[in-house]
Amino acid sequence: MPDEIIPLARPNITEEDIQKVTEVLRSGMLVQGENVTKLEDFIIENISTSYCSVVSSGTAGLHLALIALGIGPGDEVIVPAFSFIATANVVELVGAKCLFVDIHPKYFNIDEKKIESVITQHTKAIMPVHEFGLCSNMNEIMRIADKHHLYVVEDAACALGATFGNKYAGTIGHFGSFSLHPRKAVTAGEGGLLVTHSASLDYRIKSLRNHGIEMNSNPMEFIIAGLNYRMTDFQAALVLNQIKRLSRILEYRKIVANAYLEKIKNPNIILPDVPDYAEHTWQTFHVVAENNRRRDELMTYLKRNGVMSNYGAQCIPATKYYKEKYELNAEIDYPEAYKAYTSGLAIPMHEKLSEIQINTISNLINRF
Ligand SMILES: *Cc1c(COP(=O)(O)O)cnc(C)c1O
């Protein structure tokens, strides 16, 4: 057995972060209070958006965005074929239909050149995913959306702090949703942030996340069928303290990614690529082996040598529910997404990785 195990990811929580949480717990004000408002204001200021709603998860944010846009039965939403399953699930849960589109083989994002061919008169929105923290080609996506009168909901779950040109991920479409799950750079345990430039959409979101209540009404009134997608105030305090370190966290991840890109030189392993219009957050460093068998062998070999790895995301049309409901053959219809899913793996990426560990991992992959 190796004497050291290098984990895939590690949440970065300091004693000070913990202290901020206990302060809120001692105050007795547990749900959606001043720390939630402070976190919303911090996001508005730091990523140049107009409105922000703190919610209970990234998935909750995406779900609320689709409800607020009135997307439902009879409507279609364009979704990349390779993403975390939540992106498609929220479309299903509002009663709409997913239109899957294949991805770029090295960016792992929706292939914008394949979007227009799937649009029909029922299509209402595009949900680009900034996979692993790299922005999709938002110029092209916004151009297509404008031309066909579609909404754009950015699944920016992994992309807090990522940029596209001079704009931040999540602030380009009608909505952007970020996740605060422990696998992301900043975490609430479970949590999310939903941003928009529209005052009326934001009003609807703040009502929908809180049972459909009319904001600032007296007596209390309910104007829409809402949900409870609020976050606790102690979680917001945790995020508010961590998020001050976000630029440092992202800088370190970039150093790790650049080291991998330089040191991994195995002709059978495809490394990720970054277009010059984007700044990556490197939430995940995803490499692709020759085929499914070699990927599995690589994972086993890394594990035997103390290095943890995992699947990066799903080829959604290849999962049981979507395959059966939509009668799709992902291997033929979405070959790049299928390859990324069956042959791809995420290798360790976190702020506690040392240079020695990065060298160990790179050398192991080179010798594979
Ligand atoms: C993490 C993630 C989500 C879900 O976020 P949660 O906060 O766990 O609900 C959705 N989409 C993508 C692309 C993700 O990576």
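Use the structure listed above.
A brief look at the structure comes next. Bear in mind that the values here come from a model prediction, so they are computed numbers and not experimental data.

This next bit is on unusual backbone geometry. Residue proline 219 is reached from asparagine 218 by a cis peptide bond, and omega for that bond is 0°. Within the secondary structure, proline 219 sits in the loop between α6 (199-208) and α7 (233-242). Its identity is not glycine, yet phenylalanine 108 carries a phi of approximately 65°, on the positive side. Looking at where phenylalanine 108 falls in the secondary structure, it is placed in the loop between β4 (97-101) and β5 (123-126). On the accessibility criterion, phenylalanine 108 (3% relative accessible area) is buried. The phi dihedral of asparagine 216 falls on the positive side, at around 55°, and the residue is not glycine. Examined against the element boundaries, asparagine 216 turns out to sit in the loop between α6 and α7. On the basis of relative accessible area, asparagine 216 is assigned to the exposed category, the value being 80%.

This part is about the sheet that holds strand β1 (residues 51-55). An order of β1-β10-β9-β6-β5-β2-β4 is seen for the seven strands of this open sheet, with the pairing classed as mixed. The two strands at the open ends of the sheet, each matched to only one other strand, are β1 and β4. Sheet twist, expressed as the mean angle between neighbouring strand axes with direction ignored, is 25°. Across two bridges, the pairing between β5 and strand β6 (residues 151-155) is parallel. Across the sheet, the residue bridging to alanine 125 is tyrosine 151, located in β6.

The next subject is the packing of aromatic side chains. Applying the stated rule across the entire model yields twelve aromatic pairs. Ring plane angle 70° and centroid distance 5.7 Å describe the contact between phenylalanine 108 and phenylalanine 132, whose orientation is recorded as edge-to-face. Here phenylalanine 132 lies in the loop between β5 and α5 (138-148) and phenylalanine 108 lies in the loop between β4 and β5, a separation of 24 residues in the sequence. A residue is classified by how much of its surface remains accessible, and phenylalanine 132, at 3% relative accessible area, is buried.

Considering the arrangement of structural elements, one finds alanine 88 in helix α4 (residues 86-93). Classification of alanine 88 by relative accessible area gives buried; the value is 0%. For alanine 88 and arginine 248, which are 160 residues apart along the polypeptide, the C-alpha to C-alpha distance reads 32 Å. Beyond its immediate stretch of four places on either side in the chain, alanine 88 contacts Val79, Cys98, Phe100, Ile316 and Tyr322.

Attention now moves to the side chain of serine 136. Within the secondary structure, serine 136 is located in the loop between β5 and α5. The exposure class of serine 136 is buried, given its relative accessible area of 0%. At 3.0 Å, the side chain of serine 136 forms a polar contact with the backbone oxygen of valine 129. Not counting chain neighbours up to four residues away, the residues in contact with serine 136 comprise Asn109, Ile110, Pro128, Val129, His130, Ile141, Phe164 and Tyr277.

Let us look at the site of the ligand. Around the ligand there are 15 residues in total, and Gly58, Thr59, Asp155, Ser179 and Lys184 lie nearest to it. The contact in question runs from an oxygen atom of the ligand to an N or O atom on the side chain of threonine 59, over 2.5 Å. A distance of 2.6 Å separates an oxygen atom of the ligand from a polar side-chain atom of lysine 184. For the ligand, the protein covers 90% of the area, taking 380 Å² as the surface of the free molecule.

Applying the stated criterion across every chain yields a total of 18 salt bridges. Among the ionic contacts, a cluster of salt bridges with common partners joins Glu290, Arg293, Arg294 and Glu297.

Okay, helix α9 (residues 292-304) next. The end-to-end C-alpha separation of α9 is 18 Å, in line with the 18 Å expected for 13 residues at 1.5 Å each. All buried positions along α9 are accounted for by Arg295, Leu298, Met299, Tyr301 and Leu302. Down the axis of α9, the buried set is contained in an arc of 165°. They therefore lie on one face. Projecting away from the buried face of α9 at angles above 90 degrees are the exposed residues Arg293, Lys303 and Arg304. Turning to α9, the residues buried within the fold contact α12 (335-343), β14 (344-347) and α13 (355-367). Following α9 by one or two positions, glycine 306 has its phi on the positive side, about 85°.

About the criteria used
- Residues numbered from 1 in each chain as written.
- Predicted model: local features only at pLDDT ≥ 70, side-chain atom pairs only at ≥ 80, totals over all residues.
- Heavy atoms only, no water.
- Helix = DSSP H or I, 4+ residues; strand = E, 2+ residues; numbered from the N terminus.
- Buried < 20%, exposed > 50% of the residue type's maximum accessible area, 1.4 Å probe, protein only.
- Pairing = 2+ DSSP bridges.
- Axes fitted to C-alpha atoms, helices over the stretch in contact; angles between N-to-C directions.
- Phe/Tyr/Trp six-rings, centres within 6.5 Å; stacked < 30°, edge-to-face > 60°.
- Contact = heavy atoms within 4.5 Å.
- Polar contact = N/O pair within 3.5 Å; in protein donor to acceptor, adjacent residues only side chain to side chain.
- Near = heavy atom within 4 Å.
- Areas by Shrake-Rupley, 256 points an atom, 1.4 Å probe, with all protein chains shown as cover.
- Salt bridge = Lys/Arg side-chain N within 4 Å of Asp/Glu carboxyl O.
- Expected span 1.5 Å × (residues − 1).
- Arc of directions from axis to C-beta.

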